[in-house]
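Spelled out from the first residue to the last, the chains are:
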Amino acid sequence: MSDHTPVRSRPPHPVRSIGSADATGTARPTTDGPPGLVGREEDLAELDRLLAPDGQGLVTLLGPGGVGKTTVARAAAERARERGDHVEFVELSGVSDAALLPYLLGTVERAAREVPRALVVLDNLEHLLPGAVPFLRDLLANDRVTVLVTSRLSTRLPAEYLHELAPLALPRGARAADVLASPAVRLLLDRTERRAPGRVAALTATPAALRRTAELCARLDGLPLALELAAACLRTLDVAALSRRLDEQRGLPGTGLVDLPERQRSLHATARWSYDLLTDEERVWFRHLGVFRGHFTLDDAHDLGERLRLPTGAEGALEALVDASLVAFDPTREGSEYLLLDTLRDFAERELATLDEQRYAHEALDELLTSGADHHAARFTRAQKPAMAFFRRREDDIRDLLRRGILNGADARRGAELLARIALFWVYVRRGADHLRWFEAYEPVMHDLAPTLRAKLAFEWGRMAQMGLELDTAEERLQEALDVVPEDAVRLRMNIHVCRGVVAVFREDHDLAERHHEESLRLAGLLDEPPTVVRQRANLCVTRMAAGRFDRARDELYALVDDFRGIGDVANLGTVSEHASRVAMRLGELDEAARFLGVAREVTAQITPDAVNEALELLTAEFRLRRGETGAVGAALSEFLWGENERVSVGWASALLSVVAAREGRFHDAARLRGHAEAVTRGRNRNEFRHADDLLDEAWRPVVDALGEEEALAGRERGAALAWRDLVPPPNRDNPAIHPEVAALD
């Protein structure tokens with residue numbers, strides 16, 4: 001055999017390498033593929049359909065390197081053989097010249113004359129394209145022949161049917177059953193058992209270990225080759241050490257697996273194989289797109305290319321890279337987005353570093369992030385949806401820049417600027433807790449920043465602490481911001497006073513809160529911006545509500561609904577409408593309350609149509625209680641608590657359920673629910689339902705009358721020690737009372 005003869009599976013004759021029907025002429029039953037094939041049942045079923053007699057003439061199994069195309073193709077070929085097809089499997093990675101392919105044609109034609117159907121599998125065809133196209137046309141001219149190609153590139157023939165092979169599915173949830181059911185985790189455990197016997201137990205011994213195993217599979221993109229190599233590494237490294245190597249972009253260490261082709265003995269080698277097939281311009285684009293750590297759009301790529309003065313044509317480059325299976329295209333995401341798998345991005349970043357391009361690429365991305373954050377933050381209240389889409393898409397890039405700012409002093413200022421700009425992202429997506437850790441990490445560099453940036457950073461830190469109800473930290477950081485903020489930074493001074501006012505409300509120092517909001521309103525007037533003045537008027541009204549001064553807040557709040565609609569501030573229109581409905585209910589103006597609830601629902605449907613607005617759901621329940629409804633409201637509140645929502649308003653829901661229980665004569669339940677509501681809001685802001693104190697007090701009186709004051713207060717104490725799940729039965733339970741183990745306390 002010459003050096004240029006196509007490499008074939010052994011034994012050397014391809015017809016025998018896969019085989020055909022057994023000696024009796026009867027095809028053996030179809031199986032799910034060779035031992036160890038995991039998570040490919042749907043792909044094999046689809047290939048069965050495509051390779052059937054009435055299927056497609058040319059099927060290309062497309063996917064990135066390491067996704068398992070060869071393994072799946074072999075399994076599909078075996079199933080075809082068991083159905084009675086003659087199968088020839090040709091491994092082409094060792095063939096360097098497409099001109100040699102016609103020598104195979106004679107073998108295939110002779111086989112086709114002897115059997116009703118022949119399946120030809122051309123494995124790893126990508127490096128022979130487009131030279132292999134005439135050969136493929138000749139094969140397809142014989143209607144007895146079906147061709148299955150595995151490739152990282154499409155053949156672009158009109159007769160081609162593409163079947164894209166995706167990475168293995170990652171866990172869909174955090175429960176042990178969900179993790180263990182994931183094909184990616186199953187494959188890692190299976191290969192670890194083979195490559196590193198005895199280590200599987202360490203991967204699944206505890207919930208924490210199982211979580212780390214799932215995270216490792218996600219970090220490896222669910223790529224079967226990556227999981228195979230990782231399993232071999234687990235002979236000498238634990239999961240934590242392996243994950244650290246990946247986070248530091250050092251890749252997986254060499255495994256010495258001689259049973260894999262040379263190009264698949266490392267993730268670097270398999271990425272290099274695809275990279276070397278690109279044109280010079282496509283390589284430039286691929287390397288620089290590796291700086292995106294998450295999804296990106298065509299506009300993002302174009303913007304990055306302009307900043308770096310890359311070769312023109314982001315759209316053409318992306319098309320080529322998607323076609324080469326180096327960039328994934330996700331049309332299901334809003335605006336159609338692209339993504340590099342982590343394993344490929346790591347390769348791209350290492351190529352950038354090797355060619356001394358990494359610093360410039362990161363600076364360009366940092367500028368893109370900063371300008372995008374400025375653009376969307378300035379329009380957040382008017383265009384919340386695109387702003388949140390931008391922040392969610394850029395979250396991984398933001399974290400990367402913040403991390404580099406901590407590790408590299410040259411990036412510290414840029415990281416601090418971005419940290420101060422993206423507060424709204426964490427407020428609306430992460431609720432502040434994650435953001436606080438970044439502020440703590442940046443504290444050592446704060447004193448070296450310019451006064452305005454330092455004040456901005458301290459203010460955002462204080463605001464995040466206030467969101468997390470860490471009031472001491474909030475006061476400390478907000479005071480630091482006031483101490484260093486320049487006099488001419490009027491807007492920042494105004495925002496600091498707003499936040500100080502909110503903290504004072506949490507402390508129930510309502511006079512101090514009102515003074516801070518009056519000062520913020522004065523500063524808003526200096527800015528000569530009517531919308532800003534409107535927002536500060538709203539803050540002052542909410543402060544008065546918190547103090548129980550509903551009569552003083554009423555007229556102003558009602559007017560603010562129209563004012564926010566007039567300035568097009570949709571987000572704040574929804575919030576102020578909710579507040580207006582609270583005041584209207586407290587003052588007994590139920591028609592007005594219904595009108596404001598309608599406005600709030602209209603806004604919610606516009607901004608977050610698929611999300612649950614907890615405050616609005618509970619306001620509606622309270623409205624129905626005030627209107628005299630009881631039973632249906634109790635059922636709705638139970639559904640709310642047991643539903644798929646974040647349940648940050650458990651205190652309010654429990655308070656309303658105590659009213660339901662009192663009206664239904666379940667006085668012990670009512671007492672415990674009232675106690676639970678007070679316990680979960682103790683030390684926190686009760687403003688979300690302070691306006692309903694009259695409703696709660698009205699419901700409390702019959703509880704005291706029925707149980708006596710001592711027993712009623714004892715019930716409240718018991719409720720304070722219980723979780724809401726112990727007090728509220730799941731929906732549709734036969735027994736509407738509390739759980740039996742709690743009832744035994746009576």
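A brief structural summary. All values derive from a computational prediction rather than experimental measurement.

## Section: the pattern of salt bridges
Part 1 of the argument: This model, assessed by the stated rule, comprises 70 salt bridges.
Part 2 of the argument: In this structure, Arg-83 and Asp-48 form a salt bridge, with 3.0 Å as the shortest nitrogen-oxygen distance. Pair noted here: Arg-83 is in the loop between α3 (69-82) and β3 (86-91) and Asp-48 is in helix α2 (residues 41-50), with a separation of 35 residues, a long-range link.
Part 3 of the argument: Note that Asp-400 is salt-bridged to Arg-404, the shortest N-O span being 3.3 Å. Here Arg-404 and Asp-400 lie together in helix α19 (residues 395-407), a separation of four residues that amounts to about one turn. Just as Asp-400 is buried, Arg-404 falls in that class too.

## Some thoughts on the packing of helix α17 (residues 358-378) against helix α20 (residues 412-421)
Part 1 of the argument: Where α17 contacts α20, the two axes come as close as 10 Å, and the packing angle between them is 25 degrees. Viewed along their axes, α17 and α20 adopt a mutual orientation that is roughly parallel. Of the two elements, α17 crosses α20, and the hand of that crossing is left-handed. When α17 is examined against α20, the residues Arg-359, Glu-363, Asp-366, Leu-369, Thr-370, Ala-373, Asp-374 and Ala-377 are found in contact with a partner set consisting of Arg-414, Leu-418 and Arg-421.
Part 2 of the argument: Across the contact of α17 with α20, the residue classes break down as four nonpolar, one polar and six charged.

## Thoughts on unusual backbone geometry
Residues other than glycine predominantly adopt negative phi, and peptide bonds predominantly adopt the trans conformation.
Part 1 of the argument: The amide bond that connects Leu-129 to the next residue, Pro-130, takes the cis arrangement and shows omega of 5 degrees.
Part 2 of the argument: Counting through the fold element by element, Pro-130 comes out in the loop between β4 (118-123) and α5 (133-140).
Part 3 of the argument: Residues other than glycine seldom take positive phi values, yet Asp-528 does so here, at roughly 55 degrees.
Part 4 of the argument: In this fold, Asp-528 is placed in the loop between α26 (510-527) and α27 (530-546).

## As for the pairing of strand β5 (residues 145-151)
Part 1 of the argument: With seven of seven residues buried, β5 is to be regarded as a mostly interior element.
Part 2 of the argument: Burial of β5 is two-sided: the residues Val-145, Val-147, Val-149 and Ser-151 facing one way and the residues Thr-146, Leu-148 and Thr-150 facing the other way are all buried.
Part 3 of the argument: The pairing of β4 with β5 spans six bridges and is parallel. Among the inter-strand pairings, Leu-122 is bridged to a residue of β5, identified as Val-149.
Part 4 of the argument: Read from β4 through α5 to β5, the crossover connection turns out right-handed.

## What to know about the nonpolar core
Part 1 of the argument: Of all hydrophobic cores here, the largest spans 143 residues; its most connected members are Leu-122, Leu-125, Leu-148, Phe-286, Leu-289 and Phe-296.
Part 2 of the argument: At eight residues, the largest contribution of residues to this core is made by helix α23 (residues 451-467).
Part 3 of the argument: Aside from chain neighbours lying at most four places away, what touches Leu-148 is Leu-47, Leu-51, Val-59, Leu-61, Ala-73, Ala-76, Leu-119, Val-120, Val-121 and Leu-122.
Part 4 of the argument: Within the second largest apolar cluster, 60 residues are counted, among which are Ala-615, Leu-616, Leu-695 and Ala-699.

## Concerning the packing of aromatic side chains
Part 1 of the argument: In this structure the tally under the stated criterion is eight aromatic pairs.
Part 2 of the argument: When the ring of Phe-292 is compared with that of Phe-296, the centres are 4.7 Å apart and the planes differ by 15 degrees; the resulting orientation is stacked.
Part 3 of the argument: A residue is classified by how much of its surface remains accessible, and Phe-296, at 0% relative accessible area, is buried.
Part 4 of the argument: On the numbers, 5.2 Å between centres and 45 degrees between planes, the contact of Phe-329 with Tyr-338 is tilted.
Part 5 of the argument: Three or more aromatic residues joined by ring pairs form one cluster here, namely Phe-292, Phe-296, Phe-329 and Tyr-338.
Part 6 of the argument: One cation-aromatic arrangement involves Arg-74 over Phe-89; the distance from NZ or CZ to the ring centre is 4.2 Å.
Part 7 of the argument: The ring of Trp-700 carries Arg-716 above its face, with NZ or CZ at 4.4 Å from the centroid.

## Focus on helix α30 (residues 590-607)
Part 1 of the argument: With 18 residues, α30 should cover 26 Å at 1.5 Å per step; its first-to-last C-alpha distance of 26 Å lies within 8% of that length.
Part 2 of the argument: Where α30 is concerned, the buried positions are Ala-593, Phe-596, Leu-597, Val-599, Ala-600, Val-603, Thr-604 and Ile-607. Within α30, the buried residues cover an arc of 160 degrees as seen down the axis, which keeps them to one side.
Part 3 of the argument: Of the surrounding secondary structure, the elements contacted by the buried residues of α30 are α18 (384-393), α28 (550-567), α29 (570-586) and α31 (614-626).

Each value, and the rule that gives it
- Residues numbered from 1 in each chain as written.
- Predicted model: local features only at pLDDT ≥ 70, side-chain atom pairs only at ≥ 80, totals over all residues.
- Heavy atoms only, no water.
- Salt bridge = Lys/Arg side-chain N within 4 Å of Asp/Glu carboxyl O.
- Helix = DSSP H or I, 4+ residues; strand = E, 2+ residues; numbered from the N terminus.
- Buried < 20%, exposed > 50% of the residue type's maximum accessible area, 1.4 Å probe, protein only.
- Axes fitted to C-alpha atoms, helices over the stretch in contact; angles between N-to-C directions.
- Parallel < 35°, antiparallel > 145°, perpendicular 65-115°, else oblique.
- Left-handed = near helix turned anticlockwise from the far one by under 90°.
- Contact = heavy atoms within 4.5 Å.
- Nonpolar A, V, L, I, M, F, W, Y, C, P; charged D, E, K, R; others polar.
- Pairing = 2+ DSSP bridges.
- Right-handed = clockwise from strand over helix to strand, strands pointing away.
- Core = buried A, V, L, I, M, F, W, Y, C linked by side-chain atoms within 4.5 Å.
- Phe/Tyr/Trp six-rings, centres within 6.5 Å; stacked < 30°, edge-to-face > 60°.
- Lys NZ or Arg CZ within 6 Å of the ring centre and 35° of its normal.
- Expected span 1.5 Å × (residues − 1).
- Arc of directions from axis to C-beta.

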